[in-house]
Amino acid sequence: MKQLLTLTTAFLMIFNMSFAQKTFDKDKLDQFFSLIEKNNKGMGSISIFKEGKEVYTKSIGFADVEHGLKADNETVYRIGSISKTFTATMIMQLVERGQLKLEDKLSKFYPNVPNAEKITIDNLLRHRSGIFNFTSAEDYEKWMLEPFSREELLKKVESYESVFEPNSKASYSNSNYVLLSMILEKIEGKSFKALLKSKITTPKRLIKTYQGGKINYKGNEALSYTRLENWDKMPETDMSIPLGAGAIASTPTDLNTFFTALFTNKIIQEKQLSEMKKIVDGYGAGLFQFPFGEKKAFGHTGGIDGFQSMASYFPKEKVAIAYISNGVVMPVNDIMIGALSIYFGEAYELPVFEPAFEVKSEDLDQYLGVYSTPTFPLKLTITKKGSVLMAQG
């Protein structure tokens with residue numbers, strides 16, 4: 001009896017140690033996001049998965065400020081460039097089935113794009129094509145709100161000169177993934193919207209993930225905002241323009257479901273996943289690698305209108321985390337660092353938000369102008385709105 005009691009006690013100690021390793025400070029996570037919400041430092045939703053199961057979810061702020069609609073874990077957000085991971089995955093499905101090769105040239109599909117005969121599918125996936133990023137065009141904000149046909153969008157991409165010799169270096173370009181979206185459509189004979197549904201969202205039961213359209217707040221789709229003195233609504237990019245480069249809408253829960261399935265070979269095989277994870281000059285195929293201390297994750301970031309997002313998967317820890325914001329003040333990266341620190345039990349002090357320093361509008365005049373430096377590729381134009389400085393690259 002005494003021996004049995006000793007064995008039972010030992011078993012309970014091992015069980016409790018194992019259980020403790022799988023728990024995290026949920027109360028501290030709640031406090032963290034409550035502080036962000038209370039101080040108007042952000043709006044959005046987060047989800048964390050462990051071994052394929054959701055262990056934490058939280059929403060802060062409003063899906064629609066004007067109508068007083070609070071965000072919840074069913075709220076759908078535009079995810080911006082996280083769309084590229086979905087697009088790259090569908091390209092890899094074609095490669096897996098032998099319908100496409102990474103070595104295939106762009107000229108096979110769109111020969112009028114500058115240097116098309118030198119650009120491969122792999123170059124497009126890893127941003128090594130040299131194709132100009134059309135969202136960087138000076139007039140982009142003038143036409144991004146209007147619907148574009150595929151032909152009109154293709155002419156836009158074709159109209160810009162190459163910015164470097166293909167495969168000589170890497171430089172982020174949304175044009176790459178718009179072309180990959182069109183290649184998918186050309187090979188499969190279906191729209192990107194239909195392909196996303198049939199190839200990924202229906203098989204993986206991602207019922208809140210789809211190619212976005214005009215935002216429907218009545219359907220719990222979030223609008224996006226920027227904050228000066230209040231939350232000001234941002235304009236909506238017409239989703240016919242970004243396609244597979246940034247037109248998908250989703251929830252953090254659906255994103256974690258997708259990334260977990262992707263990294264456990266339930267969407268593509270290990271050979272194709274390894275190609276996606278291969279990092280060249282900082283870029284994988286629809287993926288980045290994110291360090292967190294000694295841990296490493298793969299994922300992507302996104303930004304469109306006032307939406308900013310980040311989703312990643314830690315293969316060794318089998319943890320997926322996604323945060324989508326429709327109103328950013330505290331940087332999304334800082335929020336993710338806080339959430340991951342608390343989840344993994346790292347030392348982390350909750351932020352203290354001091355009252356804003358009061359300035360007069362005329363105090364800001366000395367800072368207005370255009371700034372540049374040889375070590376930074378953009379010029380920054382500093383303007384003001386009331387008593388707030390604004391920066392535009």
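Below is a summary of the structure that appears in this document. (Residues numbered from 1 in each chain as written. Predicted model: local features only at pLDDT ≥ 70, side-chain atom pairs only at ≥ 80, totals over all residues. Heavy atoms only, no water.)

### Quick notes on the overall build of the chain
On a plain count of helices and strands, the chain comes out with 11 helices and 16 strands. In summary, the chain has a C-alpha radius of gyration of 23 Å against a globular reference of 21 Å for 393 residues, a match within 12%. Burial analysis of the chain (393 residues in total) assigns 47% to the buried set. Working note: accessible area of the chain is about 19900 Å², and carbon and sulfur atoms make up 53% of it. (Helix = DSSP H or I, 4+ residues; strand = E, 2+ residues; numbered from the N terminus. Rg over C-alpha atoms; globule rule 2.2 N^0.38 Å. Buried < 20%, exposed > 50% of the residue type's maximum accessible area, 1.4 Å probe, protein only. Areas by Shrake-Rupley, 256 points an atom, 1.4 Å probe, with all protein chains shown as cover.)

### Points about the packing of helix H7 (residues 174-188) against helix H8 (residues 192-201)
The N-to-C vectors of H7 and H8 enclose an angle of 75°; their axes lie 9 Å apart at closest approach. With respect to their mutual orientation, H7 and H8 come out roughly perpendicular. Here Ser181, Leu184, Glu185 and Glu188 of H7 come into contact with H8, specifically with Phe192, Leu195 and Lys199. Its residues assigned to classes, the contact of H7 with H8 shows three nonpolar, one polar and three charged. (Axes fitted to C-alpha atoms, helices over the stretch in contact; angles between N-to-C directions. Parallel < 35°, antiparallel > 145°, perpendicular 65-115°, else oblique. Contact = heavy atoms within 4.5 Å. Nonpolar A, V, L, I, M, F, W, Y, C, P; charged D, E, K, R; others polar.)

### Notes on the pattern of salt bridges
One pass over the structure, following the stated rule, counts 16 salt bridges. A salt bridge links Lys26 to Asp30; the nearest nitrogen and oxygen atoms lie 3.0 Å apart. Here Lys26 and its partner Asp30 are both found in helix H2 (residues 26-38), four residues apart, which amounts to about one turn of the helix. Owing to a relative accessible area of 18%, Asp30 belongs among the buried residues under this scheme. A salt bridge links Glu165 to Lys118; the nearest nitrogen and oxygen atoms lie 2.8 Å apart. Of this pair, Glu165 sits in the loop between helix H6 (150-159) and H7 while Lys118 sits in the loop between helix H3 (83-96) and helix H4 (121-125); the two residues are 47 residues apart in sequence, bridging distant segments of the chain. For Lys118, a relative accessible area of 39% corresponds to the partly exposed category. A single network of salt bridges, built from pairs that share partners, joins Arg78, Lys214, Glu236 and Asp305. (Salt bridge = Lys/Arg side-chain N within 4 Å of Asp/Glu carboxyl O.)

### Focus on the side chain of Ser312
If you trace the backbone, Ser312 turns up in strand S12 (residues 307-314). The residues touching Ser312, leaving out its near neighbours within four places in the chain, are Phe290, Ala297, Phe298, Gly299, Val319, Ala320, Ile321 and Met336.

### Re the packing of aromatic side chains
A complete count under the given rule lists 20 aromatic pairs for this structure. Relative to Tyr348, the ring of Phe32 lies with its centre 5.7 Å away and its plane at 90°, an arrangement referred to as edge-to-face. With a gap of 316 residues between them, Phe32 in helix H2 and Tyr348 in the loop between helix H11 (332-343) and strand S14 (369-373) connect regions that are remote in the sequence. Grouping residues by exposure puts Phe32 and Tyr348 together as buried. Centre to centre, the rings of Phe263 and Phe298 are 6.0 Å apart; their planes meet at 25°, and the pair counts as stacked. Of this pair, Phe263 sits in helix H9 (residues 252-263) while Phe298 sits in strand S11 (residues 295-304), and the two are 35 residues apart along the sequence. (Phe/Tyr/Trp six-rings, centres within 6.5 Å; stacked < 30°, edge-to-face > 60°.)

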